[in-house]
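Secondary and tertiary structure notes
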Amino acid sequence: MTRLVILGKQGAGKGTQCALLVEHYGIPHISTGDMLRAAVAEGTPLGLQAKAVMDAGDLVSDELILGIVEERLAQPDAEAGFLLDGFPRTAAQADGLTELLAPGSIDLAVNIDVPDAVVTERMLGRGRADDTPEAIARRLELYAAETAPLLEYFGGQGRLVTVDGLGSEDDVQARIVDAIDDAR
Ligand code: AMP
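Residues numbered from 1 in each chain as written. Predicted model: local features only at pLDDT ≥ 70, side-chain atom pairs only at ≥ 80, totals over all residues. Heavy atoms only, no water.

1. A few points about the site of the ligand
As a matter of local geometry, the ligand sits amid 16 residues, with Gln 10, Thr 32, Asp 58, Gly 86 and Gln 93 nearest to it. With respect to the ligand, the side chain of Arg 37 contributes an N or O atom lying 2.9 Å from an oxygen atom. Residue Asp 58 places a main-chain N or O atom 2.6 Å away from an oxygen atom belonging to the ligand. Among the elements that take part in the shell around the ligand, helix H2 (residues 32–42) stands out by supplying 4 residues, more than any other. (Near = heavy atom within 4 Å. Polar contact = N/O pair within 3.5 Å; in protein donor to acceptor, adjacent residues only side chain to side chain. Helix = DSSP H or I, 4+ residues; strand = E, 2+ residues; numbered from the N terminus.)

This is the structure:
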């Protein structure tokens with residue numbers, strides 16, 4: 001089992017946990033946020049289009065995101081599996097992913113669960129340029145409205161595990177690896 005999705009609010013520790021997981025399982029880390037930030041830094045047309053949306057804490061269009069994910073999944077390194085981070089984020093993206101792959105080809109979605117108050121504090125602390133209090137609140141609102149329903153989507157397929165995201169990075173990592181290995 002190597003086709004994984006990681007779910008969790010911004011500030012839940014997805015980035016850190018993904019870096020550890022891709023090393024552990026030897027699969028590529030596919031982060032739509034990282035791809036968008038790279039496009040912004042390079043000043044590509046995609047980056048120019050995405051920047052204002054990202055700064056406001058809003059979601060980039062499903063169409064645009066599905067385009068970059070399709071391109072990325074077509075790379076040879078994704079054949080052996082992958083860890084999707086920050087995608088899918090909406091029901092339309094989940095449906096788009098099912099169209100790109102065969103239904104049921106995501107082995108497991110791992111949800112890192114951290115309360116809103118804790119992620120807000122963490123995000124304010126990391127001080128990224130797009131982490132204004134307004135953008136943080138907007139992202140939590142969008143997570144609840146658009147992304148939380150995906151828990152039911154993967155849960156309904158019997159492909160979801162939720163792990164407690166509080167505690168040290170190592171503790172959370174151990175919980176995630178246990179959950180993935182248990183589900184194999
Ligand atoms: P992230 O690093 O995953 O937190 O993403 C940073 C920002 O990029 C988000 O706040 C969105 O504006 C945008 N973004 C990243 N992934 C997606 C996605 N799957 N759908 C829509 N917008 C996204």
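What follows picks up the thread again.
2. What about the side chain of Gln 93?
Positionally, Gln 93 belongs in helix H5 (residues 91–100). Judged by relative accessible area, which is 3%, Gln 93 ranks as buried. Sequence-distant contacts of Gln 93, defined by excluding residues within four places in its chain, comprise Val 60, Asp 62, Ile 65, Leu 66, Phe 87 and Pro 88. (Buried < 20%, exposed > 50% of the residue type's maximum accessible area, 1.4 Å probe, protein only. Contact = heavy atoms within 4.5 Å.)

3. Things to note about the sheet that holds strand S4 (residues 108–113)
Ordered in space as S2-S3-S1-S4-S5, the 5 strands form an open sheet in which the pairing is parallel. Both edges of this open sheet fall to strand S2 (29–31) and strand S5 (160–164), since each of them pairs with a single strand only. Direction aside, neighbouring strands of the sheet carry axes that sit 20° apart on average. In the sheet, strand S1 (residues 3–7) pairs with strand S3 (residues 82–85) via 4 bridges, with the strands oriented parallel. When the bridges of S3 are listed, Leu 4 appears paired with Leu 83. Strands in contact with helix H1 (residues 14–25) are S1, S2, S3 and S4; relative to S3, the strand with the most contacts, it is inclined by about 175°. (Pairing = 2+ DSSP bridges. Axes fitted to C-alpha atoms, helices over the stretch in contact; angles between N-to-C directions.)

4. With respect to the pattern of salt bridges
Evaluated as defined, the whole model comprises 11 salt bridges. Between Asp 58 and Arg 138 there is a salt bridge; the shortest N-O distance is 2.5 Å. A residue pair is termed long-range when its members are at least 10 positions apart, and Asp 58 in the loop between helix H3 (45–55) and helix H4 (62–73) and Arg 138 in helix H7 (residues 133–147) qualify at 80 residues. Among the residues examined, Arg 138 registers a relative accessible area of 29% and is labelled partly exposed. Through salt bridges with shared partners, a single network forms among Arg 126, Arg 128, Asp 130, Asp 131 and Arg 139. (Salt bridge = Lys/Arg side-chain N within 4 Å of Asp/Glu carboxyl O.)

5. Brief notes about H5
All buried positions along H5 are accounted for by Gln 93, Ala 94, Gly 96 and Leu 97. Projected onto a plane normal to the axis of H5, the buried residues spread over an arc of 160° and lie on a single side. Looking at the packing, one finds that the buried side of H5 touches H4, S3 and helix H8 (149–156). (Arc of directions from axis to C-beta.)

6. Details of the nonpolar core
Grouped together as the largest cluster of nonpolar side chains are 25 residues, with contacts concentrated most on Leu 36, Leu 73, Phe 82, Leu 84 and Ile 106. Those elements giving two or more residues to this core turn out to be S1, H3, H4, S3, H5 and H8. Per element, the largest residue contribution to this core is 6 residues, and it comes from H4. Among all residues touching Phe 82, those that are not within four sequence positions of it are Thr 2, Arg 3, Leu 4, Ile 27, Pro 28, Ile 30, Leu 73, Leu 101 and Ile 106. (Core = buried A, V, L, I, M, F, W, Y, C linked by side-chain atoms within 4.5 Å.)

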